[in-house]
Amino acid sequence: MSEANKGGLEGVVVADISTSFIDGNEGILIYAGYRIEDLAENNVLFEEVCHLMWHNRLPNRQELEDLRYQIASGAHLPTSVINMMKAQPKGANPMAVLRTAVSALSLYDTDAENLTDREVAFKKAIRLTGQIATITAAWDRIRKGKEPIAPRVDLTLAQNFVWMMTGEQPDQTAADAINAYLVLLAEHGMNASTFCTRVVTATGSDMHSAVVGGIATLKGPSHGGANAEAMKMFLEIGSADNVEAWFKREVKEHGRRIMGIGHRVYKAVDPRAAILKKHAKDLAESSGNAKWYDLAAKLEEVALADDYFKERKLYPNVDYYSAIVLYTLNLDVDMFTPLFAMARIAGWTAHIIAQMGGRLIRPRANYVGPKDRKWVPIDQR
Ligand code: ACO
């Protein structure tokens with residue numbers, strides 16, 4: 001790697017954006033001018049954040065109700081897509097199913113190949129926002145041998161998700177926790193999956209293709225897949241009493257990474273992690289099961305007291321405590337990353353629409369191979 005290139009495009013600025021601002025040294029996240037703490041404390045609806053992302057301002061009451069209704073009424077899936085999901089192996093990774101189903105949706109969306117009209121693009125963004133939640137809930141039921149449940153037009157996205165998962169009148173505590181999660185994960189600058197959606201869009205390709213790329217990128221354990229990996233790690237540790245021995249053995253002796261810790265941009269506490277930690281604590285107390293919260297808090301304490309973590313400024317990221325929140329809500333561990341996609345669709349589609357009509361993104365590579373080889377016939381090699 002050349003001196004100028006630290007790898008991973010670290011520090012490279014690729015676009016001017018107005019959706020979010022991150023100060024990684026101070027641990028600040030701002031959505032279109034609003035501090036994330038302000039939005040979280042005032043319990044904004046995920047739909048409000050979608051409006052903020054897509055139109056760069058918060059909606060008034062009527063605009064919010066219109067958008068909530070449009071997302072809910074556009075959330076149904078074509079029967080062919082549901083049938084295709086039913087035919088998939090029950091053990092399939094839910095992110096692979098989501099990737100496949102969103103790709104299939106493009107075949108039935110009559111606007112899929114409209115690549116230029118921004119008003120049409122907003123409508124597709126609205127549909128995809130609802131449909132990703134519907135696919136996520138439907139897959140969880142299908143793989144458990146249950147019939148998927150259609151979305152209701154009278155619910156918010158978070159309520160609809162709980163409804164489509166359970167088929168019962170949505171429990172408001174669960175819906176509020178899901179809503180808070182969706183708000184916190186809706187957008188985050190030029191993260192890897194958002195960058196992918198922009199690269200796809202900059203070729204002139206369609207929104208569904210870009211979102212499929214976003215899902216594929218989010219799936220990796222260095223990105224959105226870390227929430228599930230963090231929970232698997234907590235389950236492996238088993239209890240707060242085992243944390244110190246596990247840390248010594250796995251992290252200090254075997255060099256294992258703690259999933260949900262560290263971030264390319266944050267060199268201070270990730271503000272989303274701080275908010276999710278409070279939610280995780282509240283949920284632990286109200287559910288009467290503080291075991292997993294206590295374990296995560298203990299591991300955080302042990303890691304942050306360690307010189308290796310201090311020197312490298314490694315703190316819990318958004319995935320660390322979101323794993324505890326989602327597990328306490330009784331979601332299967334492999335459903336965590338699709339929930340991340342349910343949130344990030346807001347940011348992805350805002351970036352996709354902003355990128356439409358923009359210049360091709362085409363960086364260059366530094367060639368380090370030989371330049372003077374001569375071709376030899378195959379039987380002489
Ligand atoms: N545990 C232990 N050490 C770590 C961790 C960790 N979780 N994360 C980074 N480090 C160390 C590295 O070993 C490296 O040490 P070195 O300088 O001695 O080589 C140093 O910190 C810097 O790490 P990089 O991998 O160079 O940092 P990068 O910015 O490339 O990676 C990443 C960031 C991928 C998030 C990393 O911290 C990681 O793997 N964390 C665990 C996975 C995770 O939680 N991912 C979710 C990120 S947030 C999101 O996408 C929503």
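Because the structure is predicted, anything quoted here is derived from the model rather than measured. (Residues numbered from 1 in each chain as written. Predicted model: local features only at pLDDT ≥ 70, side-chain atom pairs only at ≥ 80, totals over all residues. Heavy atoms only, no water.)

(A) Spatial organisation of the domain arrangement of the chain. Its domain assignment divides the chain into domain 1 (20–220 + 346–355) and domain 2 (226–328). Each of domain 1 and domain 2 has a C-alpha centre, and the two are 26 Å apart. Of the residues lining the interface, 18 residues belong to domain 1; the matching set on domain 2 comes to 17 residues. Buried area between domain 1 and domain 2, both sides added, is near 1400 Å², and the carbon and sulfur share of it is 74%. It is Tyr 181, Leu 184 and His 188 that lose the most area in domain 1 upon contact with domain 2, and together they represent 36% of the buried surface on that side. In this assembly, domain 1 and domain 2 are joined by zero salt bridges. Our count for the contact surface shared by domain 1 and domain 2 stands at three residue pairs in polar contact (both at pLDDT 80 or more). Every element with two or more residues in the side of domain 1 that touches domain 2 is listed here: strand E1 (20–23), strand E2 (28–31), helix H1 (36–41) and helix H8 (172–184). The element best represented in the side of domain 1 that touches domain 2 is H8, accounting for four residues. A breakdown of the residues in the side of domain 1 that touches domain 2 according to their chemical character gives ten nonpolar, five polar and three charged. (Domains from an automatic or database assignment. Contact = heavy atoms within 4.5 Å. Buried area = accessible area lost by both parts, 1.4 Å probe. Salt bridge = Lys/Arg side-chain N within 4 Å of Asp/Glu carboxyl O. Polar contact = N/O pair within 3.5 Å; in protein donor to acceptor, adjacent residues only side chain to side chain. Helix = DSSP H or I, 4+ residues; strand = E, 2+ residues; numbered from the N terminus. Nonpolar A, V, L, I, M, F, W, Y, C, P; charged D, E, K, R; others polar.)

(B) Seen up close, the site of the ligand. Of all residues adjacent to the ligand, which total 20 residues, the nearest are His 223, Arg 257, Ile 258, Ile 261 and Arg 264. The contact in question runs from an oxygen atom of the ligand to an N or O atom on the side chain of Tyr 308, over 2.9 Å. Here the ligand, which alone exposes 910 Å², has 72% of that area covered by the protein. Of all elements in the fold, only helix H15 (307–311) and helix H16 (318–328) reach the threshold of two or more residues within the shell around the ligand. In terms of residue class, the shell around the ligand is built from ten nonpolar, six polar and four charged. (Near = heavy atom within 4 Å. Areas by Shrake-Rupley, 256 points an atom, 1.4 Å probe, with all protein chains shown as cover.)

(C) The arrangement of H16 in detail. Most of H16 sits out of view: nine of its eleven residues are buried. Listing the buried residues of H16 in full gives Val 318, Asp 319, Tyr 320, Tyr 321, Ser 322, Ala 323, Ile 324, Val 325 and Leu 326. Where H16 is buried, its residues touch H8, helix H11 (226–237), helix H13 (271–287), helix H14 (291–304) and helix H17 (336–355). Where H16 begins, one side-chain oxygen reaches toward the backbone nitrogen of Asp 319, 2.9 Å away; that side chain belongs to Asn 317. (Buried < 20%, exposed > 50% of the residue type's maximum accessible area, 1.4 Å probe, protein only.)

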